[in-house]
Amino acid sequence: MSESWHCWWDYNKDRFLKRQARLAEEQSVQSDSTDFFFGRQSGRLAIDADRPGRACVREHVLPALVAALRDDALAVRYRAAVAIGKTGAPEGLPRLLEALADRDELVREGAAMGLALLQHPEARTALLALLDDGQPARRLLGGRRSTDELRGIAAVGLGLLAHAHPGIDADGALRDALVRQSLDRSHDHHIPMACVAALGLFRERAEVRRAIAGHLRRVAAPGGPAAEWVRAQAVLAVGRLAESSRDAADSTDVAFLVDVLETSRNAALGRSAALALATAGIGPDGPQPAAVQALGRKLTAGRDRLTRGFSAISLGHLGGAQAHAMLTLALFREKQELQVYCGLGLAIACGARSARAEADPERLCSGRERLRAAFERTRSPDARGGFAIALGIAGDADAGPMLLAAYRSARSVRFRGDCAVALGMIGHSAAAGALLDTIRAKYAAPELREHTALGLGLLRARATVPPLVAALASEPSHAARIAFTQALGLVGDRTAIAPLAGLLDSSRHSAHTRAYACWALGSLGDPRPLGALAPLRANHNYHACCGNFNAMLVLVDP
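All of these numbers come straight from a predicted model, not from anything done at the bench.

**Q** Give a detailed account of the packing of aromatic side chains, specifying residues and quantitative values.
**A** A full pass over the atoms with the stated rule returns eight aromatic pairs. The ring of Tyr407 has Arg416 sitting right over it, with the charged end atom 4.6 Å from the ring centre.

**Q** Can you explain the nonpolar core? Please cite residues and give values.
**A** Membership of the largest hydrophobic core comes to 196 residues, with the highest contact counts inside it found for Trp8, Trp9, Tyr341, Leu403, Leu500 and Phe549. Those residues in contact with Tyr341 that lie beyond four places of it in its chain are Glu3, Ser4, Trp5, Trp8, Leu306, Gly309, Phe310, Ala312, Ile313 and Tyr542.

**Q** So what's going on with the confidence of the model for the chain? Residues and values would help.
**A** With 90% of its residues at a pLDDT of 70 or more, the chain has an overall mean of 86. In this model residues 26-48 is a low-confidence stretch, pLDDT under 50, and it forms 38 contacts with partners more than four residues away in sequence or in other chains. Note on residues 353-358: pLDDT under 50 across the span, and 10 contacts to partners over four residues away in sequence or across chains.

**Q** Quick one: what's the story with the pattern of salt bridges, residue by residue and with numbers?
**A** Considering all chains together, one arrives at 25 salt bridges under this definition. For the salt bridge of Asp133 with Arg145, the shortest nitrogen-to-oxygen distance reads 2.8 Å. Of the two residues, Asp133 is situated in the loop between helix H7 (124-132) and helix H8 (135-140) and Arg145 in the loop between H8 and helix H9 (148-164); the sequence distance between them amounts to 12 residues. Of the residues examined, Arg145 reaches a relative accessible area of 54% and is grouped as exposed. The partner of Arg414 in a salt bridge is Glu447, and the shortest N-O contact between them spans 3.6 Å. Here Glu447 lies in helix H25 (residues 446-459) and Arg414 lies in helix H23 (residues 413-425), a separation of 33 residues in the sequence. Through salt bridges with shared partners, a single ionic network connects Arg77, Asp102, Arg103 and Asp104.

**Q** If you had to explain the environment of Arg411 to someone new, which residues and values would you point to?
**A** Checked against the element boundaries, Arg411 lands in the loop between helix H22 (400-409) and H23. On the basis of relative accessible area, Arg411 is assigned to the exposed category, the value being 85%. With 30 residues separating them along the chain, Arg411 and Pro381 place their C-alpha atoms 9.1 Å apart.

**Q** Requested: an account of the side chain of Arg308, with residues and values cited.
**A** Along the chain, Arg308 turns up in helix H17 (residues 305-318). Residues in contact with Arg308, not counting those within four places in the same chain, are Lys298, Leu299, Thr300, Gly302, Glu334 and Leu338.

**Q** Give me the lowdown on the environment of Arg124, citing residues and values where you can.
**A** Structurally, Arg124 is set in helix H7. Remark: the alpha-carbon pair of Arg124 and Gly157, spanning 33 residues in sequence, is separated by 8.5 Å. Beyond its immediate stretch of four places on either side in the chain, Arg124 contacts Leu158, Leu161, Ile168, Asp169, Asp171, Ala173 and Leu174.

**Q** Give me helix H6 (residues 105-118): which residues, what numbers.
**A** With 14 residues, H6 extends 20 Å between its outermost C-alpha atoms, agreeing within 8% with the 20 Å of an ideal straight helix rising 1.5 Å per residue. The buried fraction of H6 is high, at 12 of 14 residues. Those residues of H6 that sit buried are Val107, Arg108, Glu109, Gly110, Ala111, Ala112, Met113, Gly114, Leu115, Ala116, Leu117 and Leu118. Trailing H6 by a residue or two, Gln119 shows a phi angle of about 55°, which is positive.

About the cut-offs
Residues numbered from 1 in each chain as written. Predicted model: local features only at pLDDT ≥ 70, side-chain atom pairs only at ≥ 80, totals over all residues. Heavy atoms only, no water. Phe/Tyr/Trp six-rings, centres within 6.5 Å; stacked < 30°, edge-to-face > 60°. Lys NZ or Arg CZ within 6 Å of the ring centre and 35° of its normal. Core = buried A, V, L, I, M, F, W, Y, C linked by side-chain atoms within 4.5 Å. Buried < 20%, exposed > 50% of the residue type's maximum accessible area, 1.4 Å probe, protein only. Contact = heavy atoms within 4.5 Å. pLDDT = per-residue confidence, 0-100. Salt bridge = Lys/Arg side-chain N within 4 Å of Asp/Glu carboxyl O. Helix = DSSP H or I, 4+ residues; strand = E, 2+ residues; numbered from the N terminus. Expected span 1.5 Å × (residues − 1).

Structure below.
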């Protein structure tokens, strides 16, 4: 898999896109004029958009998706099952349980993923049964056995339940099942990998958290029976577990991760440790010095290029004066591919600080100025795209004219797409016309339309809904359709429900169009500020993971 910063961004963009959309909405609330957000009177503001409430989802979105579960096309039934889970509507639970017995394996897996995304406590029994693959599972599956992929989905679903509902595992049944299956070597390592990842999502009292962390450290130990990638995911899970219990930070976790980062000769483990310190390295009083220093040493003297890049990202998450200084220095000294990671880390530090009352205005300003300078001096389109996204993460509104000029003049499709996303992230209203023109353009490259759609979605204007729905109906590119669905979810306007439901008419639209209309309805009805799988996608070591696990994280939760 590529070591480009784009891979990191694809897994981690959720929280940055959603956070920037919320910041843009807050700015609109504070403004006395519509010109503040949209730059002119021609469109409705994000704050004016009428996002569907729970009653609207129950009465209009859910019935359309339930009807789609009876569609003749396999892809439509699969997407409908996943979308029902995304809405979080408890009324969809019985329909998903019924879909587990569908005649097609993919639909059964979609129904299991729907149960996982639904995060409803009553899905607990079904998910446990699917993971264990006994007689209860066969009854749910219409007499069939549970596949490895389906069992992995069930494991993730149990972790998401424990994350969403602390205390749901009072009897320890979820932990026991996940611990037991994490040690199972009789199947493909997809199942133990999903189990250790799920254990990292638990939010439990301190003594239970310490017990889970101890098990994860044993799984990750060198010389143990676990496969290399399972060990790497266990290291990541230690970091996630520490994040969920930051008020009771355990120095044992930090010491363990620092030791893995500095002593392991296994690149997969080192990369996971670097990523895990982004969360485990923050205690009740801020960044832990041991974590900052270890990441700083790895950034400047590490041998593995991607571990160094991940260290830069984690330093940005930890923040603070020391991390800021390390990233600023490396931004102008390292080779270009590492400079981009340093720029992204610096942007994360700036973005995090700008959202807190104690933000240092001088440090924030200097960080944004350095990112602008890096963008202007860089000639490589790939690297410039990274700095464009960094400016978006940092929320640098002053970079808007520069980014828009680059979007209009550049020849590189991917670089223009990165500029479009960045323009949306900073809420640059003057870009709306240019972005809409690209979506409407007949011969625009699918990749450019894909990223332009995300930029438009972040601007959150009601005027973008009709062209996005029209593009969803006509665009043949899979990636672009995903982006259109995500953009419609970001806009969040209920006026999209009726035209999307209209796309489910099998007599007028292809199966692919109907499938993505289901997906868009699910995204629109999702009440959560971040996608349900965001806790697993964030700081994920995608290089140390089997393909079907990576695909699950990327494809079902756009």
